[in-house]
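The lines below spell out each chain.
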Amino acid sequence: MEYMIPGNLVVAVMIFAIGAIGIMWRRDAITIFMCIELMFNAANLGFITLAQSLGKPEGVAVFLFVITIAAAEAAVGLALFIKIFDDRENIEAEKLDLLKR
Amino acid sequence: MFLKILYHLFVFLALFGSLMVVVSKKAIYSALFLILTMLTIASLFVLMNAQLAAALQVIVYAGAIMVLFLFVIMLLNLGKQAPLSRRSRPVRWLGLLFGVGIGAQIIAVIYSGFIPPAETTAAASVTIDHVARLILTDYLYPFEMISVLLLVAVIGAVVLARRHLVQGVETVTETAEKAGK
């Protein structure tokens, strides 16, 4: 159990960094969205690790809130993607520049 | 010893899965590797005795949210068109530098002694009992607010995603084209 605590935190940081790199590396909006979910997961892993190692239930409560926000975000974001796809047949993030004109 | 081997296997799978989410060429493979990552993170929760978190991770994340993702990918038929970025090279390498930099910084903080050492394993067990008491007493207000947020998000998703139910409503591009003329 003891070796898991710094180990899990490092794994969480690495997954978070991979997600952050993915957001800047990818072009299609849906993969960028999946990278955001990856970052949510990394944050959750950190919260749960510290909650278990320090014996505090607050971390699990925050985990609950994060998971709910992720669900709400996924619902609204994917609805937006369907709408954008209807409009222009692709969901490449760099072509969504209507507000820049 | 067995647990240690299992732990390292799960760590490897989680990192491999998250890397493949970014690298995969097709969106559907990214989604499947994301499910793998979420399930291995749930296994890490089980190894830490966080059964409630593991169950929620499997049911809500790997179940509900990822089914939504897969459903949208299949609905939009995003088979081939998901290549890596065509952005200018400096931006991509700047992004890589940013990611590695933020990771290195947080790891440095973890090993700088900022986080207190773990107590003995006997004290470190958070069960569903503690969590339920907490969210229904101290965190009752955020708990109710998050329920309202979820309701608003569901209504918003339904309103956003319906297809041409109202006659005479034009798309965003049509509006822009008219404005441009």
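Whatever comes next refers back to the structure up there.
Since the model is a prediction, treat every value here as computed from it, not as a measurement.

Each value, and the rule that gives it
- Numbers given to residues run from 1 along each chain, matching the order in which its sequence is written.
- Each chain takes a letter, starting from A, and each ligand takes a number, starting from 1, following the order in which they are written.
- Totals for whole chains, interfaces and linings use every residue, but because this is a predicted model, local features are given only for residues with pLDDT of at least 70 and side-chain atom pairs only at 80 or more, for both listing and counting.
- Note that water and hydrogens are dropped before the side-chain values are worked out from all heavy atoms of the structure.
- The term nonpolar core refers to a set of buried residues drawn from Ala, Val, Leu, Ile, Met, Phe, Trp, Tyr and Cys, joined through side-chain atoms within 4.5 Å.
- Each residue gets one of three labels from its accessible area relative to the maximum for its type: buried under 20%, exposed over 50%, partly exposed in between, using a 1.4 Å probe on protein chains only.
- A run of H or I in DSSP counts as a helix once it spans at least four residues, and a run of E counts as a strand once it spans at least two, with each numbered from the N terminus.
- Domain borders in the structure are assigned automatically or taken from a domain database.
- In this description, contact between two residues means that some pair of their heavy atoms is separated by no more than 4.5 Å.
- Note on geometry: axes are lines fitted to C-alpha atoms, helical ones only across the stretch in contact, with angles between N-to-C directions running from 0 to 180 degrees.
- Comment on the angle field: the value is read as roughly parallel under 35 degrees, roughly antiparallel over 145, roughly perpendicular from 65 to 115, and oblique elsewhere.
- Under the convention adopted here, Pro, Cys and the residues Ala, Val, Leu, Ile, Met, Phe, Trp and Tyr are nonpolar, Asp, Glu, Lys and Arg are charged, and Gly plus all remaining residues are polar.
- We define buried area as the total accessible area lost by two parts upon association, computed with a 1.4 Å probe and summed across both.
- When a carboxyl oxygen of Asp or Glu is within 4 Å of a side-chain nitrogen of Lys or Arg, the pair counts as a salt bridge.
- Under the rule applied, a polar contact is a pair of N or O atoms within 3.5 Å (in protein, one hydrogen donor and one hydrogen acceptor; residues adjacent in sequence only if both atoms are side-chain atoms).
- A patch is a set of surface residues, each over 30% in relative accessible area and not in a salt bridge, joined within 9 Å for like charges and within 5 Å for the nonpolar side chains Val, Leu, Ile, Met, Phe, Trp and Tyr.
- Throughout, the Shrake-Rupley method with a 1.4 Å probe supplies accessible areas, and for residues the shown protein chains are the sole cover considered.
- Crossings are classed by handedness, with left-handed meaning an anticlockwise turn of the near helix from the far one by less than a right angle and right-handed meaning a clockwise turn.
- Residue count minus one, scaled by 1.5 Å, sets the expected span of a helix.
- This arc is taken over the directions from the axis of the helix to the C-beta atoms.

### Section: the nonpolar core
Link 1 in the chain: One finds Ile30, Met34, Leu45 and Ile48 of chain A together with Phe45 and Phe69 of chain B to be the most contacted residues of the largest nonpolar core, which totals 61 residues.
Link 2 in the chain: Residue assignment for this core shows that the elements contributing at least two residues are helix 1 (4-25), helix 2 (29-54) and helix 3 (58-88) of chain A together with helix 1 (2-23), helix 2 (27-47), helix 3 (51-76) and helix 5 (128-135) of chain B.
Link 3 in the chain: Broken down by element, the residue count for this core peaks at 12 residues, all from helix 3 of chain B.
Link 4 in the chain: Here this core gathers at least three residues from each of two domains, domain 1 (1-83) and domain 2 (126-181) of chain B.
Link 5 in the chain: Filtering out sequence-adjacent residues up to four positions away, isoleucine 30 of chain A remains in contact with Leu78, Phe81 and Ile91 of chain A together with Ala27, Phe69, Val72, Ile73 and Leu78 of chain B.

### Regarding the packing of helix 2 of chain A against helix 3 of chain B
Link 1 in the chain: The interhelical angle for the contact between helix 2 of chain A and helix 3 of chain B, taken along N-to-C directions, is 175 degrees, at an axis separation of 12 Å. For the element pair helix 2 of chain A / helix 3 of chain B, the angle class is roughly antiparallel. Facing helix 2 of chain A, whose interface residues are Ile30, Phe33, Met34, Glu37, Phe40, Asn41, Asn44 and Ile48 of chain A, helix 3 of chain B presents Ala53, Gln57, Tyr61, Ile65, Phe69, Val72 and Ile73 of chain B.
Link 2 in the chain: The residue inventory of the contact of helix 2 of chain A with helix 3 of chain B, partitioned by class, reads 11 nonpolar, three polar and one charged.

### A closer look at the interface of chain A and chain B
Link 1 in the chain: In this assembly, 76 residues from chain A lie in contact with 89 residues from chain B.
Link 2 in the chain: Both faces considered, chain A and chain B share a buried interface measuring about 7700 Å² in area, 76% of it formed by carbon and sulfur atoms.
Link 3 in the chain: Taken together, chain A and chain B are joined by zero salt bridges.
Link 4 in the chain: At the boundary of chain A and chain B, one finds five residue pairs in polar contact (both at pLDDT 80 or more).
Link 5 in the chain: Listing elements by their share of the side of chain A that touches chain B, those giving two or more residues are helix 1, helix 2 and helix 3 of chain A.
Link 6 in the chain: If you tally residues by element for the side of chain A that touches chain B, the top one is helix 3 of chain A, at 25 residues.
Link 7 in the chain: Counted by class, the side of chain A that touches chain B contains 51 nonpolar, 12 polar and 13 charged residues.

### Concerning a nonpolar patch on the surface
Link 1 in the chain: Residues Tyr141, Met145, Val148 and Val152 of chain B make up a contiguous nonpolar surface patch of roughly 420 Å² in combined accessible area.
Link 2 in the chain: Here valine 152 of chain B is to be found in helix 6 (residues 140-161).

### Some details on the packing of helix 1 of chain B against helix 2 of chain B
All names here are of chain B.
Link 1 in the chain: Their axes nearest at 8 Å, the elements helix 1 and helix 2 cross at an angle of 155 degrees. In terms of orientation, helix 1 lies roughly antiparallel with respect to helix 2. Here the hand of the crossing between helix 1 and helix 2 comes out left-handed. Every residue of helix 2 that contacts helix 1 at Leu3, Tyr7, Phe10, Val11, Leu13, Ala14, Phe16, Gly17, Ser18, Met20 and Val21 is listed here: Ser30, Phe33, Leu34, Leu36, Thr37, Thr40, Ser43, Leu44 and Leu47.
Link 2 in the chain: Its residues assigned to classes, the contact of helix 1 with helix 2 shows 14 nonpolar, six polar and no charged.

### Notes on the pattern of salt bridges
Link 1 in the chain: A complete count under the given rule lists two salt bridges over all chains for this structure.
Link 2 in the chain: Notably, a salt bridge pairs arginine 26 of chain A with aspartate 28 of chain A, separated by 3.7 Å at the nearest N-O pair. The same class applies to arginine 26 of chain A and to aspartate 28 of chain A, which are both buried.
Link 3 in the chain: Residue arginine 133 of chain B pairs with aspartate 129 of chain B through a salt bridge whose shortest N-O separation is 3.2 Å. One end of the pair is arginine 133 of chain B and the other is aspartate 129 of chain B, both in helix 5 and four residues apart, which spans about a single turn.
Link 4 in the chain: The exposure class assigned to arginine 133 of chain B is exposed, which follows from its relative accessible area of 57%.

### Description of helix 1 of chain B
Link 1 in the chain: A rise of 1.5 Å per residue sets the reference length of helix 1 of chain B, with its 22 residues, at 32 Å; its end C-alpha atoms lie 31 Å apart and thus fit the reference within 8%.
Link 2 in the chain: Of all the residues in helix 1 of chain B, the buried ones are Tyr7, Phe10, Val11, Ala14, Gly17, Ser18, Val21 and Val22 of chain B. With its buried residues spanning 140 degrees around the axis, helix 1 of chain B presents them on a single face. Of the exposed residues in helix 1 of chain B, the ones pointing more than 90 degrees away from its buried face are Phe2, Ile5 and Phe12 of chain B.
Link 3 in the chain: Where helix 1 of chain B is buried, its residues touch helix 1 and helix 2 of chain A together with helix 2 of chain B.

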